[in-house]
Number of protein chains: 2
Amino acid sequence: MITEIEAAQAGTITDAVRRVAASEGRDPGELSRSVAEGRVVIMKRGDVSLGIGDGLSTKVNANIGTSPACCNPEDEVEKARIAESLGAHTISDLSMGGDITLMRSRILAATALPLTTVPTYQAVAETGLEHLSDEDLFGNLRRQAEEGISSFVLHLVSGKLLDGVRRSPRIMGVVSKGGSMMAAHMVLRGCENPYLARFDELLDILHRHDIVLSLGNTMRSGCIHDARDRPQVMEMRENVALARRAHEAGVQVILEGVGGHVHPRRIPGYISDYKKKSGFPLFVAGPLPTDIAMGNDHIAGCVGAALASGAGADYLCYITPAEHMGLPTPAQVREGLAAFLIAAHIGDLIKYGRDDRDEALAIRRAALDWKGQAALALDHEKACIANPDGDPCTMCGSFCALRIMQEFCSGPDGRDTVERSR
Amino acid sequence: MITEIEAAQAGTITDAVRRVAASEGRDPGELSRSVAEGRVVIMKRGDVSLGIGDGLSTKVNANIGTSPACCNPEDEVEKARIAESLGAHTISDLSMGGDITLMRSRILAATALPLTTVPTYQAVAETGLEHLSDEDLFGNLRRQAEEGISSFVLHLVSGKLLDGVRRSPRIMGVVSKGGSMMAAHMVLRGCENPYLARFDELLDILHRHDIVLSLGNTMRSGCIHDARDRPQVMEMRENVALARRAHEAGVQVILEGVGGHVHPRRIPGYISDYKKKSGFPLFVAGPLPTDIAMGNDHIAGCVGAALASGAGADYLCYITPAEHMGLPTPAQVREGLAAFLIAAHIGDLIKYGRDDRDEALAIRRAALDWKGQAALALDHEKACIANPDGDPCTMCGSFCALRIMQEFCSGPDGRDTVERSR
């Protein structure tokens, strides 16, 4: 198979690139050059093509999936549907409970969005950490690759890096589930990370299906105290080197970084440093700018993610109100995603300055056009609840400032403020 | 009466200053100098003293109150109680429906927090815009001043400023309710703003009770397109001049500014400019960094408010999910306030760097101590829902990264990651 990178490097503008260029309002030739250089990846599934990276709008991923402690497949299908209908760009199925292969096929059947998995999870869930062999990991990887998954998150944490984090004065240690599994496997077997040891074989599997490699952020910080310490800096360096190898092999690649908890002062600089040092699309989980927003982490995460995308992050992994507390309900998936779609939009306002949709909604708002406003709102469904009959809203009733200004302050002395504006 | 400013200027450290200094961990003498210079105000009610301004933690105000279109006094009392118990620093009663004086007395009876009002609202609600006289405005002002209100928001928009906004290419015009009422009054009577024309008399009323004057932000922008235009710049200049006159008269004063909707790129610079030009405490409504988050404006507002307080705003007025749609329910008051308490904390992390409470919670989190985490969370009630029995959370169940690292990656090769950290 010729991958998107290889096609772009050969000067071919693929259908996928054309579709992304059209939806983002970009020149296909320029976009193709970005793909060739690895600054943009194209995630594909069937007819759906999604561009992530430099110059494109910020994308949002919604994590769903069963856990050993909470396994309701119907709920996960509902979460997938909610995520797609509210506007998620990708879904990650992180299932570790029940029939994992079946769960994945049901999610694939329920939505058209590109799907990401962390293949390690299934291997560990089905085999157990103690009995896991390298072949279990690779066998599972090969099987999932046949299913039409768009992207794999893999934790390529090295033994050297694990030594580093053990010696660091972290409060939270390693909070990445996939990373901790690889660490346990390496300790139990006394071996190097098999994904690293057999990296070329790994790339070969990804290349065969043009699956995007997302380099997991094992060293992400579990609290703001731990952010940007030596292990994180080391991981960034190692992952950038791995990303270059993947790119040279024609495999599309995304870096995960700056995820978890990061002091708000540090987020913009940390992100721009990452982008400067790599150029590959940057996928960020959160980040949470505070540790004390438990129960409302989607809101704190929205602040961190807006800062991150404003500084150059290309792709955000949402956080739900259930973060640090449990598996989210379908309603919590909706809440978390709504918050992160706002973050992505604010990030784009910072990155690109554009505010066409904001201005269009404001014009409808000035005209007290409730339906027009709702149609342009990010969360159309919630916005629709307001005033379906076009009455003044109950906040001010007859003392609506817009109406007072129209009634008393237009006319001979000055034309109607609202009408005049457009 | 000797006001806080006058006492401070005379070198007296008042009980109120001592209380604020103790709760904020500040030196009373230094704090008193800030009060003398107008950089900090002390809002008082009974034994409660609240400091707002330079070097103090960011404060959050919750707006409640009936409207002509939605008047359920029981709900408003409930909102006041919710706001106080969740951690609001002040409440503003913006009632315009039903028995407004009775509503205010019930709110005063239900909570101990400093209460703010916009006296114009009651005068207009009881007299009607068409029949309103200057004496109605001042009579109402004098009556409210006797009731133990801590702060008045007054819109001192000048005729010149109104001419300016009429000529500006705004989409939304004037969206401040209090400001639009003064505008209508001025147009109907063909007069200057009576609060301006009789400013010394106004200051005299405030001085008599040491009520904090909050200079309303009539020109706040109703959409990001309108932000920081000529009318806003003019209003800032006029309000800073009025604040200086108030301060010279011994009246404590707060500026409202940068409120409404502001493009996220502009928020930090706009705030620091305001602070540089005035030095008085800055009260910001929102700001919303986007117009399209209708239904989730508390979340978008949290991003704007975190940026604003991080850049120097001292006092935030919350936004609820009902913003642009109607009067909030008690549950929506809770949601809005929770979001803005997060914003204030993130703002303080940016302003001051401090993260003691974050670190304390992280240490409890690393120890999988659910109760300890919940006790330190901003929204204690929501955080308490998680895992009361101390089981691993349902997100990962038995595959909790913290547990995997403890079980497999501690021991001879490296001591327990969590234990070792403290």
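Up top you'll find the structure we're talking about.
Residues numbered from 1 in each chain as written. Chains lettered and ligands numbered in written order. Predicted model: local features only at pLDDT ≥ 70, side-chain atom pairs only at ≥ 80, totals over all residues. Heavy atoms only, no water.

Moving on: the packing of aromatic side chains. All names here are of chain A. Here the structure, examined in full by the defined rule, presents six aromatic pairs over all chains. Ring centres 6.4 Å apart and planes at 50 degrees place the aromatic pair Tyr270 and Tyr274 in the tilted group. Within this pair, Tyr270 and its partner Tyr274 are both found in helix α13 (residues 267-278), separated by four residues, close to a single helical turn. This pair shows no difference in class: Tyr270 is buried, exactly as Tyr274 is. (Phe/Tyr/Trp six-rings, centres within 6.5 Å; stacked < 30°, edge-to-face > 60°. Helix = DSSP H or I, 4+ residues; strand = E, 2+ residues; numbered from the N terminus. Buried < 20%, exposed > 50% of the residue type's maximum accessible area, 1.4 Å probe, protein only.)

Okay, the interface of chain A and chain B next. Tallying the contact residues gives 104 residues for chain A and 105 residues for chain B. Contact with chain B buries area across many residues of chain A, yet Arg166, Ile292 and Phe399 of chain A alone supply 9% of it, more than any other trio. Counting across the chain A and chain B interface gives zero salt bridges. Run the count over chain A and chain B and you get 28 residue pairs in polar contact (both at pLDDT 80 or more). At nine residues, the largest contribution of residues to the side of chain A that touches chain B is made by helix α15 (residues 330-352) of chain A. Among the residues forming the side of chain A that touches chain B, the class breakdown is 61 nonpolar, 24 polar and 19 charged. (Contact = heavy atoms within 4.5 Å. Buried area = accessible area lost by both parts, 1.4 Å probe. Salt bridge = Lys/Arg side-chain N within 4 Å of Asp/Glu carboxyl O. Polar contact = N/O pair within 3.5 Å; in protein donor to acceptor, adjacent residues only side chain to side chain. Nonpolar A, V, L, I, M, F, W, Y, C, P; charged D, E, K, R; others polar.)

Among the secondary structure elements, Asp358 of chain A is positioned in helix α16 (residues 356-366). Asp358 of chain A gets classed as buried once you look at its relative accessible area, which sits at 0%. Through-space distance from the C-alpha of Asp358 of chain A to that of Leu376 of chain A is 8.2 Å; in sequence the pair is 18 residues apart. Beyond its immediate chain neighbours, meaning those up to four positions away, Asp358 of chain A contacts His345 and Leu349 of chain A together with Ile224, Thr290, Asp291 and Ile292 of chain B.

Bringing the sheet that holds strand β8 (residues 253-256) of chain B into the picture now. Read once around its circumference, the closed barrel built from eight strands follows the order β3-β4-β5-β6-β7-β8-β9-β10 (chain B), with strand pairing classed as parallel. Recorded for the sheet is a direction-independent mean angle of 25 degrees between the axes of neighbouring strands. (Pairing = 2+ DSSP bridges. Axes fitted to C-alpha atoms, helices over the stretch in contact; angles between N-to-C directions.)

So, about the relation of the copies chain A and chain B. Once chain A is rotated about the relating axis by 180 degrees and shifted along it by 0.0 Å, it coincides with chain B to within an RMSD of 0.0 Å. Those values place the two copies in the arrangement expected of a two-fold rotation axis. Across chain A, the smallest distance between a C-alpha and the rotation axis is recorded for Val303 of chain A, namely 2.4 Å. Interface residue correspondence from chain A to chain B reaches 100%, placing this contact among same-surface, isologous pairings. (Least-squares fit on C-alpha atoms with pLDDT ≥ 70 in both.)

Attention now goes to helix α12 (residues 230-248) of chain A. Residue and element names in this part refer to chain A. Its 19 residues place the ends of α12 27 Å apart at the C-alpha level, agreeing with the 27 Å of an ideal helix rising 1.5 Å per residue. Listed in full, the buried residues belonging to α12 are Pro231, Gln232, Met234, Glu235, Met236, Asn239, Val240, Leu242, Ala243, Ala246 and His247. Where α12 ends, the next residue or the one after it, Gly250, has phi of about 80 degrees, a positive value. (Expected span 1.5 Å × (residues − 1).)

Look at the link from Gly286 of chain A to Pro287 of chain A: it is a cis peptide, with omega at -5 degrees. One non-glycine residue with positive phi stands out, namely His324 of chain B, at about 70 degrees. The topology assignment puts His324 of chain B in the loop between β10 (315-317) and α15 (330-352). Given a relative accessible area of 17%, His324 of chain B falls into the buried group.

All names here are of chain B. Close contact between helix α8 (residues 159-167) and helix α12 (residues 230-248) brings their axes to 9 Å; oriented N to C, the two are set at 165 degrees. It follows that α8 is roughly antiparallel to α12 by the angle criterion. Our pair here, α8 against α12, has a crossing hand that is left-handed. Counted together, Lys160, Leu161, Gly164 and Val165 of α8 and Pro231, Met234, Glu235 and Glu238 of α12 form the full contact between these two elements. Per-class residue counts for the contact of α8 with α12 are four nonpolar, one polar and three charged. (Parallel < 35°, antiparallel > 145°, perpendicular 65-115°, else oblique. Left-handed = near helix turned anticlockwise from the far one by under 90°.)

By size, the foremost hydrophobic cluster in this structure holds 211 residues, and its most contacted members are Leu156, Tyr195, Leu202 and Leu213 of chain A together with Tyr195, Leu202 and Leu213 of chain B. Sequence-distant contacts of Leu202 of chain A, that is, excluding residues within four places in its chain, are made with Phe138, Leu141, Leu154, Leu156 and Tyr195 of chain A. (Core = buried A, V, L, I, M, F, W, Y, C linked by side-chain atoms within 4.5 Å.)

Inspection of every chain in the model, using the stated rule, returns zero disulfides over all chains. Cysteine Cys223 of chain A remains unbridged, with the sulfur of Cys400 of chain B as its closest cysteine sulfur at 15 Å. Residue class for Cys223 of chain A comes out buried when judged on its relative accessible area of 0%. Considering cysteine sulfurs only, Cys191 of chain B is the nearest to Cys409 of chain A, which forms no disulfide, with 12 Å between them. (Disulfide = S-S within 2.5 Å.)

All names here are of chain A. Compared with an ideal rise of 1.5 Å per residue, which puts twelve residues at 16 Å, α13 spans 17 Å between its outermost C-alpha atoms and is within 8% of the ideal. For α13, the full list of buried residues reads Ile267, Tyr270, Ile271, Asp273, Tyr274, Lys275 and Ser278. Next to the buried residues of α13 lie α12, β8 (253-256), β9 (282-285) and α14 (297-311). At the C-terminal side of α13, Gly279 shows a positive phi close to 85 degrees.

Residues and elements named next belong to chain A. Taken in spatial order, the eight strands line up as β3-β4-β5-β6-β7-β8-β9-β10 and close into a barrel, and their pairing is parallel. Across the sheet, the mean angle from the axis of one strand to that of its neighbour is 25 degrees, orientation sign disregarded. In this structure, strand β6 (residues 151-154) lies alongside strand β7 (residues 212-215), joined through four bridges in parallel fashion. Its bridge partner being in β7, Val153 is matched across the sheet by Ser214. α12 rests against β7 and β8 of the sheet, and its axis sits at about 170 degrees to β8.

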